[in-house]
Amino acid sequence: MGETKAYTFKVKPQEDSNIYRLIQIDSGKTLDDLHSAILRAFDFTAEHLYMFSRNRKPYDKDGYYSPYDEEGRRADQETLSGLGWKLKETWLYLYDFGDDWMFDVTLVKMEDTEKKARTRQLEGKGVLEQYPAYEEDGWDEEDDWEDAPEDFAEEAEDAPFEDNILRDFFLGEDWDEEDDLDIMSPVEVLPTNKTMEKLLKQKSKEELEALMGRMGIALPPVPKGKRKVPVYAAALAEELNKDMEPLLGLLTGESMEFLVRLTEGKKVTLADCLGMLGELDVYFACGLADLEDFDEGVIRLTPEAGKCAEICSQKDRRQQIEVIVKLESNMKRFLNMYGVMEAEKLLPLLNSYTGCSMEMEEFYDKVLVPNACWDNITVLKMEEDEIIYVSILEEEDAEWVLSQRAEFDEIKDYREFTTQERKALEQGGIISLIPSMKELMDYLLDVKEVEEEECMFLVSELLHEGMLGVDIENFIAECGDMLRDNDIRMTHRFREMVEAVLEECPSAVLKGYSMKEYGKMMEE
């Protein structure tokens, strides 16, 4: 691989110069990749349009705009190196054409590297709240929305759907911790008087375009003077009411199976829904379910949801779904160990382990495509080898892992796991394969009295960094804010426990072997 560069950008919101993030990214990445990295660094949701301006002008006619925007040059077609970005040069990054979040993006460092640099946050200070509460500024929740101007109402209908109802409910925005919530209490499943078309009208133009594109449904012409969202929503609902197969082709096995369960009148609890948050979000995204009353323990299904469930309940289809669910669950289990794997090696492993006999073409269409559609997995094809890879990691991390594997070409095959290890994985997940993890978790929960939710989040970040084969300094850089928030100092004892976990964690770079196992292999 030829020489490349690692760029380090300092990103500061213009409203508060004391808040910043240092982000490292490969020079071959695009402005769109930098946009995604900035949102991740500030924990913003990717729901709005954006633009970059070398002239530092908002809505610059010479700026670079998000792929879905109809203005200016496309940010996803411009690499950082191709833009000739100079050291200490500052650009404007504007996100959300409404709230107008403005950031100064300065190139502070350029380093020559032999291999592609991994996109990551190196350092950060301060918190930026994307959707702050405005009650203190005089907003009255009882204000009469009907008095709002018509142009505001029309603009709101075209706006992206910003509130993840399920996330808000389970993370506390609609849930008072003092409430006596029984997660084993049943959820009521009722029909809704809203149609698929009405629910789809709550989406943004970009969301509907993406959804129709994935289903292979052509965008309809929009008459002059009409807005795109209602036209797109009506056309999509009409097409799906004629034929549900394009929609079913996007649903994962788990989402089809759970939809049948919801419509068959079987008991569904809040605990069941907690394990199916992703599936419920898919139903809402596709206009199958109205979740507005979910905080009251109610899920309302559209008539189209019943049509989908009826098709999925047919004997042959149901048997097919059972196979898909079996492959999906085991696929994620193996990818949690290997990180990235060639599809042609993954499928035989899954068939052997599950007793299935699925062919590659069917596996690609019915398992990989639906799961990749909803970000459950990443499917990528490397130009150099024309091989299809499947990963549990984000695309840039998966590409980075593959580039690093070249340094360890002595590892020809993926680590094999014994029957006992596989059973442990089924019961306790990947944590069960890391002996040092118990000591670390006991320390966090009992000694530092970290909340269980925070502890599990910290552990998941540690596992992620361990999978990427990083060292402890990288982990501290990635999770420094969370450690400080929980008053966890990098003492000698804590450092030793973290290093032990990183040493024992299955590494994607090492094809499932840990650094400790790799060291022993090199000694033999």
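Residues numbered from 1 in each chain as written. Predicted model: local features only at pLDDT ≥ 70, side-chain atom pairs only at ≥ 80, totals over all residues. Heavy atoms only, no water.

Participant: Which parts of the structure should I look at to understand the overall build of the protein chain?
Facilitator: Secondary structure summary: the protein chain contains 21 helices and 14 strands in total. Per-residue burial for the protein chain yields a buried fraction of 45% across its 524 residues. Within the protein chain, contacts between residues separated by at least 24 positions form 68% of all contacts whose residues are at least 6 apart in sequence. In the structure as shown, the protein chain presents an accessible area of about 27300 Å², 46% of it carried by carbon and sulfur atoms. (Helix = DSSP H or I, 4+ residues; strand = E, 2+ residues; numbered from the N terminus. Buried < 20%, exposed > 50% of the residue type's maximum accessible area, 1.4 Å probe, protein only. Contact = heavy atoms within 4.5 Å. Areas by Shrake-Rupley, 256 points an atom, 1.4 Å probe, with all protein chains shown as cover.)

Participant: Would you mind going over the pairing of strand β1 (residues 4-13) with me for this structure?
Facilitator: For β1, a buried count of seven out of ten residues is recorded, marking the element as mostly surrounded by other parts of the structure. Both β1 and strand β7 (residues 101-113) contribute to a ladder of ten bridges, which runs antiparallel. When the bridges of β7 are listed, Pro13 appears paired with Phe103. For β1 and strand β2 (residues 20-26), the ladder comprises six bridges, and the chain directions are antiparallel. Bridging from a neighbouring strand, Val11 pairs with Arg21 of β2. Joining the antiparallel neighbours β1 and β2 is a turn of six residues. (Pairing = 2+ DSSP bridges.)

Participant: Where do I start with the pairing of strand β11 (residues 298-301) in this structure?
Facilitator: Along any regular strand, the residues point their side chains to alternate faces of the sheet. Sheet analysis places strand β9 (residues 188-191) next to β11, joined by four bridges and oriented parallel. Pairing of Leu190 across the sheet is with Arg300, part of β11. Judged from the two bridges that link them, strand β10 (residues 289-290) and β11 form a sheet pairing that is antiparallel. Within β11, the position partnered with Ala289 by the bridge is Leu301.

Participant: Whenever I open this one, the side chain of Asp104 confuses me. Can you help?
Facilitator: Tracing the chain through its elements places Asp104 in strand β7. With a relative accessible area of 16%, Asp104 lands in the buried category. Looking at Asp104, its side chain comes within polar contact range of the side chain of Gln14, at 3.0 Å. In this structure, Asp104 is in contact with Lys10, Val11, Lys12, Gln14, Arg56, Thr90 and Trp91, ignoring residues within four places of it in sequence. (Polar contact = N/O pair within 3.5 Å; in protein donor to acceptor, adjacent residues only side chain to side chain.)

Participant: Could you clarify how one ought to interpret unusual backbone geometry in this entry?
Facilitator: When glycine is set aside, most residues are seen to have a negative phi, and most peptide bonds are trans. Residues other than glycine seldom take positive phi values, yet Tyr59 does so here, at roughly 55°. Within the fold, Tyr59 resides in the loop between β3 (50-53) and β4 (64-65). What makes Tyr59 partly exposed here is its relative accessible area of 38%. We note that Lys511 has phi near 55°; this positive angle belongs to a residue other than glycine. Summarising the element assignment, Lys511 is placed in the loop between α20 (492-504) and α21 (515-523). The exposure class assigned to Lys511 is buried, which follows from its relative accessible area of 13%.

Participant: What's the story with a negative patch on the surface in this structure? I'm lost.
Facilitator: Negative charge collects at one region of the surface, where Glu451, Glu453, Glu454 and Asp485 lie side by side. Assignment of secondary structure puts Asp485 in helix α19 (residues 472-485). Owing to a relative accessible area of 66%, Asp485 belongs among the exposed residues under this scheme. (Patch = residues over 30% accessible without salt bridge, like charges linked within 9 Å, V, L, I, M, F, W, Y side chains within 5 Å. Salt bridge = Lys/Arg side-chain N within 4 Å of Asp/Glu carboxyl O. Lys, Arg positive; Asp, Glu negative; His and termini not counted. Charge placed at Lys NZ, Arg CZ, Asp CG, Glu CD.)

Participant: Sorry, what's going on with the sheet that holds strand β12 (residues 340-342) here?
Facilitator: Strand pairs in the sheet, formed through backbone hydrogen bonds, run parallel or antiparallel to each other. Taken in spatial order, the three strands make up an open sheet running β12-β14-β13, and their pairing is antiparallel. With partners counted over all chains shown, the strands left at the sheet margins are β12 and β13 (378-381), one partner each. Here the average twist between neighbouring strands, direction ignored, is 30°. The sheet contact formed by β12 and strand β14 (residues 388-391) spans three bridges and is antiparallel. Residue pairing for β14: Glu342 is matched across the bridge by Tyr389. Set on the sheet, helix α13 (residues 343-354) makes contact with β12 and β14; between it and β12 the angle comes to about 90°. (Axes fitted to C-alpha atoms, helices over the stretch in contact; angles between N-to-C directions.)

Participant: What is the right way to look at the pattern of salt bridges in this model?
Facilitator: Close approach of charged atoms lets side chains of opposite charge pair. Inspection of the entire model under this criterion finds 30 salt bridges. The structure contains a network of salt bridges with shared partners spanning Lys29, Lys116 and Glu399.

Participant: Sorry if this is basic, but what is going on with the side chain of Glu304 here?
Facilitator: Structurally, the position occupied by Glu304 is in helix α11 (residues 303-312). Within the buried set, Glu304 has no salt-bridge partner at all; the shortest N-O distance to an opposite charge, 5.8 Å, is to Lys307. The contacts of Glu304, once residues within four sequence positions are left out, are Thr195, Met196, Asn241, Met244 and Leu288.

Participant: Even after reading the chapter, I still don't get the nonpolar core, so can you show me in this structure?
Facilitator: Counting residues in each nonpolar core, the largest one holds 49 residues, and the members touching the most others are Leu236, Leu247, Leu280, Leu288 and Ile299. The dominant element in this core, judged by the number of residues it contributes, is helix α6 (residues 228-242), at seven residues. By size, the runner-up hydrophobic cluster in this structure holds 46 residues, among which are Leu425, Met441, Cys455 and Leu458. (Core = buried A, V, L, I, M, F, W, Y, C linked by side-chain atoms within 4.5 Å.)

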